[in-house]
Amino acid sequence: MMACCTLGLPDLRLTLSSANCEAKQYESESESQSRKLKGSAQLKRWSRTRSIRSGRKLDRLGHREATVEAKHPLQSRESASNIEFTSAAVSPTDGDDEDLEKMEGKSIYMVSDGTGWTVEHSVNAALGQFEHCLVDRNCAVNTHLFSGIDDVERLMEIVKQAAKEGAMLVYTLADPFMAESARHACRLWGLESTDILGPITEAIASHLGVSPSGLPRGAPGRNFPLSDEYFQRIEAIEFTIKQDDGALPQNLDKADIILTGVSRTGKTPLSIYLAQKGYKVANVPIVMGVGLPCSLFDADPKKVFALTINPVVLQTIRRARAKTLGFSEWMMSNYSKMDHVKEELEFAARIFAQNPIWPVIEVTGKAIEETAAVILRLYHDRKHKCSMPRISKLY
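Now for a description of the structure that goes with this document. (Residues numbered from 1 in each chain as written. Predicted model: local features only at pLDDT ≥ 70, side-chain atom pairs only at ≥ 80, totals over all residues. Heavy atoms only, no water.)

**Brief notes about the overall build of the protein chain**
Under the convention used in this document: Here a strand is any run of E in DSSP of at least two residues, a helix any run of H or I of at least four, and the numbering for each starts at the N terminus. To sort residues, take the accessible area from a 1.4 Å probe on protein chains only and compare it with the maximum for the residue type: under 20% means buried, over 50% means exposed, and anything in between is partly exposed. Residue exposure ignores everything except the shown protein chains as possible cover, and the areas themselves are Shrake-Rupley values with a 1.4 Å probe.
Along the backbone of the protein chain there are 17 helices and nine strands. Of all 395 residues assigned to the protein chain, the portion counted as buried reaches 41%. For the protein chain, the computed accessible surface area is about 22200 Å², with 55% contributed by carbon and sulfur atoms.

**What to know about a nonpolar patch on the surface**
Counted only if it meets this: Like charges are joined within 9 Å and nonpolar side chains (Val, Leu, Ile, Met, Phe, Trp, Tyr) within 5 Å, but only among residues with over 30% relative accessible area and no salt bridge; these make up the patches. The salt bridge definition used is simple: a Lys or Arg side-chain nitrogen within 4 Å of an Asp or Glu carboxyl oxygen.
Judged by side-chain polarity, Ile200, Ile204, Leu208 and Val210 come together as a nonpolar surface patch covering roughly 390 Å² of accessible area. Take leucine 208: it is sitting in helix H10 (residues 197-208).

**With respect to the pairing of strand S8 (residues 304-308)**
This is how it is decided: Two strands are said to pair when DSSP picks up at least two bridges between them.
Summarising burial for S8: five of the five residues are buried, a large majority. Neither face of S8 is left uncovered, since the one carrying Val304, Ala306 and Thr308 and the one carrying Phe305 and Leu307 both have all their residues buried. Of the pairings in the sheet, the one linking strand S6 (residues 257-262) to S8 comprises three bridges and is parallel in character. The residue bridging threonine 260 from the neighbouring strand is alanine 306, located in S8. As paired strands, S8 and strand S9 (residues 360-362) are joined by three bridges and run parallel to one another. The residue of S9 that forms the bridge with leucine 307 is isoleucine 361.

**Concerning the pattern of salt bridges**
Summed over the entire model, instances satisfying the criterion amount to six salt bridges. Put simply, glutamate 180 and arginine 183 hold a salt bridge, and the shortest N to O gap is 2.4 Å. Placement of both glutamate 180 and arginine 183 in helix H9 (residues 176-189) is noted, with a separation of three residues, approximately one turn of the helix. Owing to a relative accessible area of 18%, glutamate 180 belongs among the buried residues under this scheme. One network of salt bridges, in which partners are shared, links Glu180, Arg183 and Asp195.

**With respect to the environment of leucine 145**
Note that leucine 145 resides in strand S3 (residues 141-146). Taking the C-alpha atoms as reference points, leucine 145 and glycine 116, 29 residues apart in sequence, are found 7.1 Å from one another.

**Thoughts on H9**
Condition: A helix's residues, less one, multiplied by 1.5 Å, set its expected span. Think of a polar contact as two N or O atoms within 3.5 Å of one another; within protein, one of them needs to be a possible hydrogen donor and the other a possible acceptor, and neighboring residues in sequence only count if both atoms come from side chains.
The end-to-end C-alpha distance of H9, which contains 14 residues, comes to 20 Å, matching closely the 20 Å that a straight helix rising 1.5 Å per residue would cover. Among the 14 residues of H9, 10 are classified as buried, and the element is accordingly described as predominantly covered. Those residues of H9 that fall on the buried side of the exposure criterion are Pro176, Phe177, Met178, Ala179, Glu180, Ser181, Ala182, Ala185, Cys186 and Trp189. Of the residues that open H9, the one with a side-chain oxygen 3.0 Å from the backbone nitrogen of phenylalanine 177 is aspartate 175. The first or second residue beyond H9 is glycine 190, which carries a positive phi of 70 degrees.

Have a look at this one:
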């Protein structure tokens, strides 16, 4: 892998040397520019936001473009076209740059040579550890995704802008040369940076005794033929859509997973999520006064998973749903009133108790991914006949 990094080393040194010169030039110029371009902090913020959303270069000091282009023609290319704002800062008010930065929060630049899925989900998972701080905006964070970055010039533009914003750079770059370029450039510009893909790739390469390809997914040199797994996922999605909300109960025996529960417990989105992983999912709603299909009880009970939820949370969800659909007062009383909600949940609980082999999964406060993880763990435990208690127990 190190051999790959040393290929094109003169080009890397030339690029980083240019970046080093530009970094020094920026330090001297920024002092004079800050005196000349004081302006309104609010106007600066709006101008920068418009530039980002329109795909233009992220540069506060717009008139520097001509100087940089003349001295370093390679930098005249547009910066990454695939730019996405994934969070918004608090609306700014007039004031100096320090107050504005405090209100806007700090930035994290996410750079990928592919779709950006890995880096985005990794950063979001890490940010989940700071919810106590993010919720009350004491440490607001803006994340910016740059996907499809496959050449050094575009990478250097992003590093340069990150330095101006005082941002942190997080990247997943499969090409060792690109990853090394990012690492050296961040060091030159004094940026905090994290390579998400590099360490685990090197560890796996060492474990397997095989060098990685160094190519991102979708690169010309990598071909992914349509496999049986791909067609299995497509078939699962089609099946799941047809089986939504209790449709075609005669097909329940063909499902891999059957979900049941009262309305608004997340059966449909959970079904679609599991289908995208290749599982055929059917969901059956429990409604008072409407009999459940016999095929639900005839199906393999190890396939059935029951969903329940806190009544207060369910009432809140149903009220919002009722307003969206424009329900009448009478319909709302039979759908979102607390007495009806509790009665319906108790009715479902009695059905679950009569079928103790069905796992009862509490979905309150759980993301779809979390509930799906519980279901799949139980599903595979049963499939491989791992020891597990006979239930009726909440998960």
